Amino acid sequence: MRAVPLAARVYILGAVLLSALCATPALSPAADVPWPTAGLLAALAVLWGSALPRLPLGGAAAGPDWCGPVLLAGAFLLPAPAAALVAVPAALLGPVERRPVGVRRLWRCARSALAAYAASYAFGLGGGRDALAASQVPAVAGCPGFPHALAPAVGAALVLGLTSAALEGGVLVTAEGRSPRLAWRGRTLCSLVPHLAHGLAGLTMAVLWRSPYGPAAALLALPPMYVCARVFALCHQERAAHQATVRALVQAVDIKDRYTRGHSERVGRASVMIARELGMGGDRIETLRVAGVLHDLGKLGVPTRLLRKNGPLTPEERGVIELHPEYGHEMVRGIGFLGEARDAILHHHERLDGSGYPHGLAGADIPEAARVVAVADAFDAMTSTRAYRRARPVPAAVEELKRCAGAQFDPRMVDALTRALDRHGWHTPAPPEPRPLTPAGRRRTADPGRGEARERTPGRTPGRARGQVPDRAPDHASDQRGNVPPAPPPAPPPTSPPETVSVPDAAPKTPPGPWRPGPGGRT
């Protein structure tokens, strides 16, 4: 308990005491509790929880989220205090991945018991228990009492999910210091959706349990729910693996070129803004986000010296740069979940007038995803500082996009980005920080041999004392072998004084001109 904050200790202790207070009436001699049914359901909940993978339902890894059908069947068949006791063994025996183990087990017990108690109480309050008792005939489907139990069962399932989500959000606020809005945001919906399906399965179990076929028939409702839960778990694991793959690829590109660090994420965000303005669906929006994030993946195959070169590129260097869309497409060719994002990676440098690369597509022949990413890429490139130019203000970048619309960019995409920027704004990134200079004007450099920083003055060879003049130029090849060649003959004295060149302290700042891609089409 020492690692748990005081507020969380008080919160968990209060939940434990409240759950004990709710379950105590079931232990009194006067309580009419069908203990064989309660014991069988508790054992079934333990087996169900141990066989099922840890599912991220409702933001929890254990408790009413992954024993929902069995706990709801207990809520429908048993009084509220007994239903609370059914949830305790599964919470106690479930695995705990993080410490402190004892505190987490107590918290799971309290949360599961309170959620089951609330669901059973809501089911009885809505008249579901009376309707369920009236349906104890062989012909379950034609019984007049059965349909009247549907609404209370759905209500009980919603109460189970809401109670679990509310309690879990409270422990996040007290234990981790999260704000209430962040603690409960998205948690309620994620908790309610699976519990609606659990409610129907639990009601089916309860009806079959009270039918002449007995508890054995009720077990037939569990295999379909188990298969659905397994499929859901596998889909979640696959989605998590996809996201991890995308993050790893983006980090590789950012590490290669520090001047474009964060550029991929911003292009993905701008692509999402455009897609939403165009009214695209959720799945397609996610695809365009991934396309924007991975559009420069092919730069992993481009030499770093070309990406960081300040001056213009030679035609050969330009040709190497313009291969990066094809490099990126080859890297992701076999990743099926990317979908049309692969086309965006390949064609995001195409132009509407057909003068782009790598295939010179024009107009509607350019995939729509590529046209979205092209606008997002150019916008972030203009509003970011690079090695070969300064950043533009957002209004100037938007005007440049409008000027190039129709020839280079799709006007629909430009208009969509303009509307999105007017509504949401845009945070421009800070320029990369230059290496710091010492007061004497010497630049700090790292000494790989000594593992510490050294000072280097222009015109002086590192590693020599001040005033000592080297008698030869360093020979890197001979230095690596440890051999020192003989000193070369001294050069003849100059016949005329050297020409003095005046270097200004700083180049005058000039306003940026019309935007165009960087040397060699770099963005």
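Structure: above.
Within each chain, residue numbers correspond to sequence positions counted from 1 in written order. Predicted model: local features are reported for residues with pLDDT of at least 70 only, side-chain atom pairs are reported and counted for 80 or more only, and whole-chain, interface and lining totals are derived from all residues. Heavy atoms from the whole structure form the basis of all side-chain values; hydrogens and water molecules are not counted.

Engineer: So what about the environment of Leu 346? Which residues, and what values?
Structural biologist: Helix and strand definitions follow DSSP, with helices as H or I runs of at least four residues and strands as E runs of at least two, each counted in order from the N terminus. With respect to the element layout, Leu 346 can be found in helix 17 (residues 341–347). For the pair Leu 346 and His 295, spaced 51 residues apart in sequence, the C-alpha to C-alpha distance is 7.9 Å. Contacts are residue-level and defined by heavy atoms, with any inter-residue pair within 4.5 Å sufficient. In this view, Leu 346 contacts Pro 325, Glu 326, His 329, Pro 358 and His 359; residues no more than four positions away in its chain are not counted.

Engineer: Explain the nonpolar core to me, and be specific about the residues and the numbers.
Structural biologist: Looking at soluble globular proteins, one finds that nonpolar side chains tend to be buried together. Residues belong to one nonpolar core when they are buried, are Ala, Val, Leu, Ile, Met, Phe, Trp, Tyr or Cys, and are joined through side-chain atoms within 4.5 Å. Note on classification: 1.4 Å probe, protein chains only; a residue is buried when its accessible area is under 20% of the maximum for its type, exposed when over 50%, partly exposed between these limits. Residues Ile 274, Leu 294, Val 375, Phe 379, Leu 401 and Leu 421 are the most contacted members of the largest nonpolar core, which totals 43 residues. Of all the secondary structure elements, the ones that give two or more residues to this core are helix 11 (222–256), helix 12 (263–277), helix 13 (282–293), helix 17, helix 18 (368–382), helix 19 (394–404) and helix 20 (411–424). Leu 72, Leu 77, Trp 209 and Ala 221 belong to the second-largest nonpolar core, a separate cluster that totals 41 residues.

Engineer: Can you explain the packing of helix 19 against helix 20? Please cite residues and give values.
Structural biologist: Fitting a line to C-alpha atoms yields each axis, with helices limited to the stretch in contact; the angle taken between N-to-C directions then spans 0 to 180 degrees. It is at 10 Å that the axes of helix 19 and helix 20 come closest, and there the two elements cross at 160°. With respect to helix 20, the element helix 19 is oriented roughly antiparallel. Along this stretch, helix 19 crosses helix 20, giving a crossing that reads as left-handed. Contacts between helix 19 and helix 20 involve Val 394, Val 398, Leu 401 and Lys 402 from the former and Val 414, Leu 417, Thr 418 and Leu 421 from the latter. We call two directions roughly parallel when the angle between them is under 35 degrees, roughly antiparallel when it is over 145, roughly perpendicular when it lies between 65 and 115, and oblique otherwise. Handedness of a crossing follows from how the near helix is turned relative to the far one, being left-handed for an anticlockwise turn of less than a right angle and right-handed for a clockwise one.

Engineer: Please provide a residue-by-residue account of the packing of aromatic side chains, values included.
Structural biologist: Aromatic pairs are defined between Phe, Tyr and Trp rings, using the six-membered ring for Trp, whenever the two ring centres lie within 6.5 Å; interplanar angles under 30 degrees are classed as stacked, those over 60 as edge-to-face, and all others as tilted. Tallied over the full model, the rule gives four aromatic pairs. Judged by centre distance (4.4 Å) and plane angle (40°), the rings of Phe 76 and Phe 123 are tilted. With Phe 76 in helix 3 (residues 68–77) and Phe 123 in helix 5 (residues 101–125), this pair connects stretches of sequence that are 47 residues apart. Of the two residues examined, Phe 76 and Phe 123, each falls in the buried class. Pairing Phe 379 with Trp 426 gives two aromatic rings, centres 5.2 Å apart and planes at 75°, and the pair type is edge-to-face. Taken as a pair, Phe 379 in helix 18 and Trp 426 in the loop between helix 20 and strand 1 (443–447) lie far apart in primary sequence, 47 residues in all. When sorted by exposure, Phe 379 lands in the same class as Trp 426, which is buried.

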